[in-house]
Amino acid sequence: MSAKRISGTEVARAIENDLREQVSEMRRKSPGFQPRLAIVQVGGREDSNVYIRMKLKAAENIGILAEHIKLPRDYNQAELLTKLNSLNDSPFVHGIIVQMPLDSTEKIDSHLITDAVSPHKDVDGLNTQNEGRVALGDMSGFVPCTPAGVLELIKGTGVSIAGKNAVVLGRSRIVGTPVAELLKWEHATVTVCHSKTRNLSEITKTADILVVAIGKPELVRGSWIKPGAIVIDCGINPIPDSSKSSGQRLVGDVSYSEAVQVASHVTPVPGGVGPMTVAMLMRNTLLAAKRQLDRLIAPAWPLTPLRLKTLSPVPSDIAIARAQKPKHIAQLAEEIGLFPNEVSQYGNTKAKISLSVLDRYRDQKGGKYIVVAGITPTPLGEGKSTTLLGLVQALGAHRGKNAFACMRQPSQGPTFGVKGGAAGGGYSQVIPMEDFNLHLTGDIHAVTAANNLLAAQMDARIFHELTQKDGPLYDRLVPKVKGVRKFSPIQLRRLKKLGINKTDPEALTPEERTKFARLNIDVNKIMWNRVVDLNDRYLRKITIGQSPTEKGFTRETAFDISVASEIMAVLALGKDIDDIKERLASMVVALDKDGEPVTADDLGVTGALMVLLKDAFEPTLMQSLEGTPVLVHTGPFANIAHGCSSILADKIAMKLAREGGYVATEAGFGSDIGMEKFFDIKCRASGDAPHCAVIVATVRALKMHGGGPAVSPGLPLHDVYVQENLELLSKGLCNLGKHISNGNKFGVPVVIAINRHGNDTEAELKLVKEFAEKNGAFRAVVCSHWARGGAGALELADAVIAACDRPAAFRYLYPLELPLADKIRAIAVEMYGAGRVEYTDDVLAKIRNFTEKGYDKLAVCMAKTSNSLTGDPTIKGAPTGFTLRINDIFVSVGAGFIVPMVGDISKMPGLPTRPSIYDIDLDTKTGEIQGLF
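Residues numbered from 1 in each chain as written. Predicted model: local features only at pLDDT ≥ 70, side-chain atom pairs only at ≥ 80, totals over all residues. Heavy atoms only, no water.

**A closer look at empty space enclosed by the protein**
Over the atoms rolls a probe the size of a water molecule, and its path tells where empty space is left. Throughout the structure, instances matching the rule amount to three cavities of 30 Å³ or more. Roughly 50 Å³ of volume is contained in the largest cavity. The wall of the largest cavity is formed by I96, I97, V98, T114, V117, D122, D124 and L126. Per element, the largest residue contribution to the lining of the largest cavity is three residues, and it comes from strand 4 (residues 95–98). Of the residues contributing to the lining of the largest cavity, the split by class is five nonpolar, one polar and two charged. (1 Å grid on protein atoms, 1.4 Å probe; cavity = no way out; pocket = protein on both sides within 12 Å on 5 of 7 lines; lining within 4 Å. Points joined across faces, edges and corners; volume = space filled by probe spheres on them. Helix = DSSP H or I, 4+ residues; strand = E, 2+ residues; numbered from the N terminus. Nonpolar A, V, L, I, M, F, W, Y, C, P; charged D, E, K, R; others polar.)

**Quick word on the sheet that holds strand 6 (residues 189–193)**
With parallel pairing, six strands are arranged side by side in an open sheet as 1-11-8-7-5-6. Whereas interior strands pair on both sides, the edge strands pair on one side only; in this sheet they are strand 1 (4–5) and strand 6. Of the pairings in the sheet, the one linking strand 8 (residues 230–233) to strand 11 (residues 265–266) comprises two bridges and is parallel in character. If you follow I230 over to strand 11, its bridge partner there is H265. Sitting on the sheet, helix 7 (residues 176–185) is in contact with strand 5 (165–169), strand 6 and strand 7 (209–212), with an inclination near 170 degrees to strand 5. (Pairing = 2+ DSSP bridges. Contact = heavy atoms within 4.5 Å. Axes fitted to C-alpha atoms, helices over the stretch in contact; angles between N-to-C directions.)

**Some remarks on the packing of aromatic side chains**
Within this structure, the stated rule accounts for ten aromatic pairs. With a centroid separation of 5.6 Å and 90 degrees between ring planes, the pair formed by W301 and F404 is classed as edge-to-face. Placement of the pair is W301 in the loop between helix 10 (273–297) and helix 11 (317–323) and F404 in strand 15 (residues 403–407), with a sequence separation of 103 residues. As far as burial versus exposure is concerned, W301 and F404 are alike and both buried. Seen in terms of ring centroids, Y474 and F516 are 5.9 Å apart; in terms of plane orientation they differ by 75 degrees. Their pairing is edge-to-face. Taken together, the residues span a long stretch of sequence, with Y474 in helix 18 (residues 470–477) and F516 in helix 20 (residues 510–517) at a distance of 42 residues. A relative accessible area of 1% means that Y474 is categorised as buried. (Phe/Tyr/Trp six-rings, centres within 6.5 Å; stacked < 30°, edge-to-face > 60°. Buried < 20%, exposed > 50% of the residue type's maximum accessible area, 1.4 Å probe, protein only.)

**Some remarks on the packing of helix 6 (residues 145–156) against helix 7**
Where helix 6 contacts helix 7, the axes come no closer than 9 Å and their chain directions differ by 45 degrees. Compared by their axis directions, helix 6 and helix 7 come out oblique. Here helix 6 runs over helix 7; the crossing is right-handed. Here P147, A148, V150, L151 and I154 of helix 6 come into contact with helix 7, specifically with P178, V179, L182 and L183. Residue composition of the contact of helix 6 with helix 7, grouped by class: nine nonpolar, no polar and no charged. (Parallel < 35°, antiparallel > 145°, perpendicular 65-115°, else oblique. Left-handed = near helix turned anticlockwise from the far one by under 90°.)

**Digging into the pairing of strand 2 (residues 36–42)**
Counting buried residues in strand 2 gives six out of seven residues, a clear majority hidden from the surface. Here strand 2 runs beside strand 4; their pairing, made up of four bridges, is parallel. What sits directly across from I39, in strand 4, is I97.

If you want it as structure tokens, here you go:
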């Protein structure tokens, strides 16, 4: 008989055609997606180069982007492991192979190297995890390429494997052993032979299927083969042949000329198993890419929620937080679609997220965008952060939606003052709450350092200009280094700004040198204060420069709280690192003696600020009590800044949440302050349009607006707040109505979340709900998330989902082109209910100055009390027709807004008589923090 020739070349060609179609289908699903294979080679063996060229050609033919990473022969094991780790972590590499043998002058453990390739990218199938899966019949990993090709060729004959006797010659981990395992799981009876096997030819003659991978030329003769057997020859050996120009030819481990006389099917060499190995490598690479693409476009994350065990009465916030063990942050990051190189862990419960995520997901449509604000609050707060977290826990852990919470990092001022932390409360919190409320990942400290470096440089520059003549000042600013004088890049930018088109320091005229060297800062028109992240009333006004070394050059200044720094607002409003740098450079710190602005760039400090803030550019990933993701980034106050978390955090969250997901972000205080700034400042800067606004209301706050007694931290609530009082509540509903009206003016549906407190009665809650829905709310729901977690906010989640499904009609309150006074009036009248706006003469003069400099086209960020719709914190309800007085105004050019000051607003809070400091302690035995809330 004459055997049928099994052409691996033809089978491989058919497989590659199918793979090409699969690549096209992937690109239809995600146009920017391309499968990528990294081929790592140490040294330059010519036989390895031949194999690599075959792989590169096949990859190109299919549409796989294959990169040949050539490493020198002196590459050592540690360096190779580092290279593999970087490829493992890269989201842009789907498959990795290390070309064997390693042609290195250094000692390298090849088994360690193959195990160093991630099992998820091990398209050679040589990682021990993948080998182990095959041994156990689990084909969910990657099957080694040559064994997989052997199986395809056997199946291609049409002969059933089940029940056949199979003999495998060779037990290598690359071919023989995995082939035997694959045949076993195809239900063959398998015998493995090796160099110590006796009566080898007798055993091979029992084989219905004979696979030979022993590395000896033409070892298996025709007499060793059972008539009608299938013979797969995996060997490839050069033997001398004088008839060939090369002096040799390739043969297998089987005598092909004899085998074809006995077998039913036999593979040739070359053209048999070889092409199949490459085809299977390509198939594995596509499988790896498809798995990543499926993960990328899957409508829902494989999120593992954390189960809540709620108690009644509800324990303290810190007791609840401590009772819940968080997921490892690496697990959460993987669940939401992040790769290891995009995650910088700070311990096990928090991590910085790389901005490179935005580039990887650039073609991904984002999720629905939700802002959570409140009504005019009591000094105790109405649970806005708690509601935000309850909503996201309900969406993510209970409704199965991809849902992110984006929050500000809390300042340590309130944490050690009266208000306490901002991690939410009850069973709707960020955990660990101690980390969240204290240093977190150090971003606020970075802002503090950057702010104060700028202040130090400004005062030092003033001192040096006052104590030096023009020539020495210029020489010190542009010194000779090794006999060469040159401008730094930031100094060249200043020259360009001054209109001096020269780059050689020696070429400047004396007048140009003076113009370059002297900023001539007017010490009476300095706008930049130092900051510290604590409440310290005695820093509201200080004198600096009192040391004798400062030669009597003193001036009055002040400290602000760190979160009031313009740098914090810049971080929050920057769209990318370049945008942040431009904003930092343009920050105006003072005016010179001619009334012209002096910027951070003029002081030469922009690059240094960028370096200090480098890690603070990235948001921090944490989790809620129910294991849903939370991004924490920046922390500008809402009454003295714009009061929103960062644009970058929101953008990353929306990309990760994907088209069917939800991102809920907070805006400080009420709709009149934080929400208006979110819409008119943050959304204008980001270009993102919100789909829904959630406004948090409480019976307690509405009773206060109805004329109830003052609510003060640390003092018991008056009886009217703990007993049913529908009359008082009815009088205060006007405040809720005003906030609903404010939200509707921006064209987004408004959902009212009525945050239930323990003393609220059903009649009171019903009254608030009915009023809201009759006065413009899309829906109003009663929430019990503080006591029940996400389960207590399911109705709120459903209302938000329904609101987000409505067609969007978002609009800003005012166009930037309006005159500055008209923009201020629009906010005062439309958001606060004022009848007119009144300015001091000094404010009017500043407005004229800002207009001359073009700052009037910036957005407006009102600095106003959060305790009233008016500028007077004692006035409650929703008054109309009042006069709003603007006492001062300043510009934050880097942040991109002008800040009118309404009433007496301090940028440095003070500590009360009894701050929470008294309750905070560290258990020296356990290391646990006590007393945070």
